[in-house]
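Residue-level structure breakdown
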Amino acid sequence: MNHQSLKKIEYMDEVKALVNGLANKHGRTRESLLPILQGVVDKMRYLSSEAMTEVARELDLSAAQVFGTATFYSFLDTQPRGKYVIRICKTISCDMHGKRDVLQTIEEILKIRIGETTSNRKFTLLETNCLGWCHKAPAMLINDEPYTELNADKVRDIINEYIRK
Ligand code: FES
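A short tour of the structure in this document, coming up. On a predicted model such as this, the values are computed, not experimentally measured, just so you know.

Before going further, it helps to spend a moment on the pattern of salt bridges. Overall, the coordinates contain 7 salt bridges when judged by the stated rule. The partner of arginine 57 in a salt bridge is glutamate 54, and the shortest N-O contact between them spans 2.7 Å. In this pair, arginine 57 and glutamate 54 both sit in helix α3 (residues 49-59), 3 residues apart, roughly one turn of the helix. The class for glutamate 54 is buried, based on a relative accessible area of 5%. Connected through salt bridges with shared partners, the residues Arg28, Glu54, Arg57 and Glu58 form a single ionic network.

For the rest of this paragraph, the subject is the sheet that holds strand β3 (residues 140-142). Read across the sheet, 4 strands follow the order β2-β1-β3-β4 without closing on themselves; strand pairing throughout is mixed. Looking at strand neighbours, the two that pair on one side only are β2 (123-128) and β4 (145-147), the edges of this open sheet. Ignoring strand direction, the axes of neighbouring strands in this sheet form an average angle of 20°. Pairing geometry for strand β1 (residues 84-89) and β2, over 6 bridges, is parallel. Looking at β2, one finds that tyrosine 84 is bridged to phenylalanine 123. Packing of helix α6 (residues 99-110) onto the sheet brings it into contact with β1, β2 and β3, and relative to β1 it is tilted by some 155°. Contacts between helix α7 (residues 152-164) and the sheet are confined to β1, β2, β3 and β4, with β3 contributing the most and set at about 10° to the helix.

Turning to the pairing of β1, a few remarks are in order. Counting buried positions along β1 yields 6 of 6 residues, so the element is predominantly enclosed. Burial along β1 is two-sided: Tyr84, Ile86 and Ile88 facing one way and Val85, Arg87 and Cys89 facing the other are all buried.

Take the packing of aromatic side chains next. Under the criterion given, the structure shown has 3 aromatic pairs. With a centroid separation of 5.7 Å and 40° between ring planes, the pair formed by tyrosine 84 and phenylalanine 123 is classed as tilted. Highlighted residues: tyrosine 84 in strand β1 and phenylalanine 123 in strand β2, separated in sequence by 39 residues. Residue tyrosine 84 is classed as buried on the basis of its relative accessible area, which comes to 9%. An angle of 75° between the planes, with centres 4.8 Å apart, marks the rings of tyrosine 84 and tyrosine 162 as edge-to-face. Of the two residues, tyrosine 84 sits in strand β1 while tyrosine 162 sits in helix α7, which places them 78 residues apart along the sequence. We note that tyrosine 84, like tyrosine 162, is buried. Three or more aromatic residues joined by ring pairs make a cluster, and in this case those are Tyr84, Phe123, Tyr147 and Tyr162. Directly above the ring of tyrosine 162 sits lysine 165, whose terminal nitrogen or CZ lies 4.2 Å from the centroid.

Thresholds, definitions, all that
- Residues numbered from 1 in each chain as written.
- Predicted model: local features only at pLDDT ≥ 70, side-chain atom pairs only at ≥ 80, totals over all residues.
- Heavy atoms only, no water.
- Salt bridge = Lys/Arg side-chain N within 4 Å of Asp/Glu carboxyl O.
- Helix = DSSP H or I, 4+ residues; strand = E, 2+ residues; numbered from the N terminus.
- Buried < 20%, exposed > 50% of the residue type's maximum accessible area, 1.4 Å probe, protein only.
- Pairing = 2+ DSSP bridges.
- Axes fitted to C-alpha atoms, helices over the stretch in contact; angles between N-to-C directions.
- Contact = heavy atoms within 4.5 Å.
- Phe/Tyr/Trp six-rings, centres within 6.5 Å; stacked < 30°, edge-to-face > 60°.
- Lys NZ or Arg CZ within 6 Å of the ring centre and 35° of its normal.

Next comes the structure, spelled out in structure tokens:
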């Protein structure tokens, strides 16, 4: 067996163990899908097609369902992302409650734009659809941690705290 296929088998074993562990933790219902996808991205930094297929198998969903959810929440990273992935909600409530200021502040501090990763690979900045925190808009996630009722000052403090980590 060549080195390449050995690597692939090791990777698949790792993916299987990870997805299985996450499914044991979060359950195997449709509601478990998002936390499981988040768990995969946290651990592996991105969601490979192998990982999505494995999640579909574990939860008995179609690959299209998993792919659809991953796309909707912008988890479909084809590139390894930064250690901290910031997902700022771009949907209407957040947009109307000052998302633009919040986004601008993040862009200024980190010197990156939506879709980019800082050169030290610490932060990636993404937009996402409604996170379900509309009543406390504007909202964002940093990895799987939600932050709500944001404004420029609040988000500056949060980002600076992550910079110090
Ligand atoms: S619109 Fe932003 S969380 Fe719902």
